[in-house]
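# Observations on the model geometry
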Amino acid sequence: MKRTPHLLAIQSHVVFGHAGNSAAVFPMQRVGVNVWPLNTVQFSNHTQYGQWAGEVLAPQQIPALVEGIAAIGELGQCDAVLSGYLGSAAQGRAILTGVARIKVANPKALYLCDPVMGHPEKGCIVAPEVSTFLLEEAAAVADLMCPNQLELDSFSGRKAQSLLDCLAMARALLIRGPKAVLVKHLAYPGKPEDSFEMLLVTADGSWHLRRPLLAFPRQPVGVGDLTSGLFLARILLGDSLVAAFEFTAAAVHEVLLETQACASYELELVRAQDRIAHPRVRFEAVPISL
Ligand SMILES: Nc1ncnc2c1ncn2[C@@H]1O[C@H](COP(=O)(O)OP(=O)(O)O)[C@@H](O)[C@H]1O
Ligand SMILES: Cc1ncc(COP(=O)(O)O)c(C=O)c1O
Ligand SMILES: [Mg+2]
């Protein structure tokens, strides 16, 4: 029987609704991965409500919890680490310490870094020191990175001018260390208004994917976290990078369709669970080059 992969997911937890681990853990489990959630913050709700209660985890707890798993002899089972929303740069450094420890226990373990940065217009609040940490430290260590356009622009220090420019920017990020860059959401002048676009860039090639843009009265949150979680989960389950990319786009689209049909602001993950596991839609990743 094929072994079930194990994945350490280090990101935020919200008590109500879905963002960070609260958006990614259940879908990753639903597609067949054993998830070890390590919550960097525990907030009442995601920050785009404009107010929240809760606390940031003390950074030293991250390597301490990883060491606790090592102490019971289970750390070698860890096939991958996922990191997302960070409460502080110190937490980011603690994650890198944890990743280094896991790579000793399992040299094949992958590290996917979703470089969640502030999005002031959307009310996503992240400390500025976190952005600097992601640019200068995390990119060098990550095997996979999943920025959105704003995050890709930040890495590049400028705004993308075209689709080919987005591709060049993702390639530049690839040179900083990751083996693959998944741009979860493209924005550039001239992008067709009715489409939601993504990009996958690896050493072997680049692929562009389009799915329909859905209308929401308020944009749902946690879509990025769902995207990076499912992408990593499918890679661990044996998909190629391109197959994982296509699966992720389809499964996320299914969740958004369910969310839209329910007129819900929070992602309808429970209702969409069968659609996550077996998406009915399919979007093709089309090779592109500069
Ligand atoms: N098919 C879609 N139609 C409409 N909106 C979408 C679709 N897919 C994702 N979104 C929205 O697009 C935005 C993507 O945000 P972005 O900042 O690029 O990534 P992240 O989710 O990581 O913050 C989110 O607000 C999400 O709700
Ligand atoms: C606590 C928390 N975690 C994670 C996120 C990231 O969510 P998204 O997947 O939309 O980037 C947010 C966004 O506001 C948040 O408030
Ligand atoms: Mg995000």
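Quick look at the structure, then.

Conventions we followed
Residues numbered from 1 in each chain as written. Chains lettered and ligands numbered in written order. Predicted model: local features only at pLDDT ≥ 70, side-chain atom pairs only at ≥ 80, totals over all residues. Heavy atoms only, no water. Disulfide = S-S within 2.5 Å. Buried < 20%, exposed > 50% of the residue type's maximum accessible area, 1.4 Å probe, protein only. Axes fitted to C-alpha atoms, helices over the stretch in contact; angles between N-to-C directions. Helix = DSSP H or I, 4+ residues; strand = E, 2+ residues; numbered from the N terminus. Parallel < 35°, antiparallel > 145°, perpendicular 65-115°, else oblique. Left-handed = near helix turned anticlockwise from the far one by under 90°. Contact = heavy atoms within 4.5 Å. Nonpolar A, V, L, I, M, F, W, Y, C, P; charged D, E, K, R; others polar. Near = heavy atom within 4 Å. Polar contact = N/O pair within 3.5 Å; in protein donor to acceptor, adjacent residues only side chain to side chain. Areas by Shrake-Rupley, 256 points an atom, 1.4 Å probe, with all protein chains shown as cover. Lys, Arg positive; Asp, Glu negative; His and termini not counted. Salt bridge = Lys/Arg side-chain N within 4 Å of Asp/Glu carboxyl O. Phe/Tyr/Trp six-rings, centres within 6.5 Å; stacked < 30°, edge-to-face > 60°.

## Points about the state of the cysteines
The term disulfide refers to a covalent linkage connecting the sulfur atoms of a pair of cysteines. Under the counting rule described, the total for this entry stands at zero disulfides. Cysteine Cys78 remains unbridged, with the sulfur of Cys113 as its closest cysteine sulfur at 15 Å. Summary of cysteine pairing: Cys113 is not part of a disulfide, and the nearest cysteine sulfur, belonging to Cys146, is at 8.7 Å. We classify Cys113 as buried; its relative accessible area is 1%.

## Describing the packing of helix α2 (residues 61-71) against helix α3 (residues 89-105)
It is at 8 Å that the axes of α2 and α3 come closest, and there the two elements cross at 20°. On the basis of their axis angle, the class for α2 and α3 is roughly parallel. Crossing of α2 against α3: the hand is right-handed. Only Gln91, Ala94, Ile95, Thr97, Gly98, Arg101 and Ile102 of α3 make contact with α2, whose side of the interface consists of Ile62, Pro63, Val66, Glu67 and Ala70. Considered class by class, the residues forming the contact of α2 with α3 number seven nonpolar, three polar and two charged.

## Re the site of ligand 1
Around ligand 1 there are 16 residues in total, and His185, Arg211, Leu214, Pro220 and Gly224 lie nearest to it. Contact distances for ligand 1 include 2.7 Å between a nitrogen atom and a side-chain N or O atom of Arg211. Between an oxygen atom of ligand 1 and a main-chain N or O atom of Gly224, the distance comes to 2.9 Å. When ligand 1 sits alone it has 560 Å² of accessible area, and the protein chains cover 89% of it.

## Side note on unusual backbone geometry
One non-glycine residue, Ala263, adopts positive backbone phi at about 50°. Inspection of the secondary structure puts Ala263 in the loop between α8 (241-261) and α9 (273-277). Take Ala263: its relative accessible area is 72%, and that puts it in the exposed class.

## Description of the side chain of Arg211
Note on placement: Arg211 falls in strand β9 (residues 205-212). Buried within the structure, Arg211 lacks any salt-bridge partner; its nearest side chain of opposite charge belongs to Glu254, at an N-O separation of 10 Å. In this view, Arg211 contacts Asp194, Ser195, Phe196, Met198, Ala249, Val252, His253, Leu256 and Phe283; residues no more than four positions away in its chain are not counted.

## Observations concerning the packing of aromatic side chains
One pass over the full model with this rule turns up four aromatic pairs. With centroids separated by 5.5 Å and ring planes inclined at 80°, the aromatic side chains of Tyr49 and Tyr265 adopt a geometry described as edge-to-face. Here the residue Tyr49 occupies a position in the loop between β2 (34-43) and β3 (54-56), and Tyr265 occupies one in the loop between α8 and α9, the gap between them amounting to 216 residues. The exposure class assigned to Tyr49 is partly exposed, which follows from its relative accessible area of 29%.

## Remarks on the site of ligand 2
The immediate surroundings of ligand 2 are formed by 13 residues, with Ser12, Thr47, Gln48, Gly222 and Asp225 found nearest. With respect to ligand 2, the backbone of Gly222 contributes an N or O atom lying 2.9 Å from an oxygen atom. Contacts to ligand 2 include Asp225, whose side-chain N or O atom sits 2.8 Å from an oxygen atom. Contact with the protein chains removes 93% of the 390 Å² of surface that ligand 2 exposes when unbound. Broken down by element, the residue count for the shell around ligand 2 peaks at three residues, all from helix α7 (residues 223-236). When its residues are assigned to classes, the shell around ligand 2 shows five nonpolar, seven polar and one charged.

## Examining the pattern of salt bridges
Overall, the coordinates contain 14 salt bridges when judged by the stated rule. A salt bridge links Arg3 to Asp79; the nearest nitrogen and oxygen atoms lie 3.1 Å apart. With Arg3 in the segment before β1 (6-14) and Asp79 in the loop between α2 and β4 (80-83), this residue pair connects regions lying 76 residues apart in the sequence. Arg275 is the partner of Glu258 in a salt bridge, and the nearest nitrogen-oxygen pair spans 2.7 Å. Of this pair, Glu258 sits in helix α8 while Arg275 is found in helix α9, placing the two residues 17 residues apart along the sequence. We classify Glu258 as buried; its relative accessible area is 11%. A relative accessible area of 16% means that Arg275 is categorised as buried. Linked by salt bridges that have partners in common, Glu254, Glu258, Arg271 and Arg275 make up one network.

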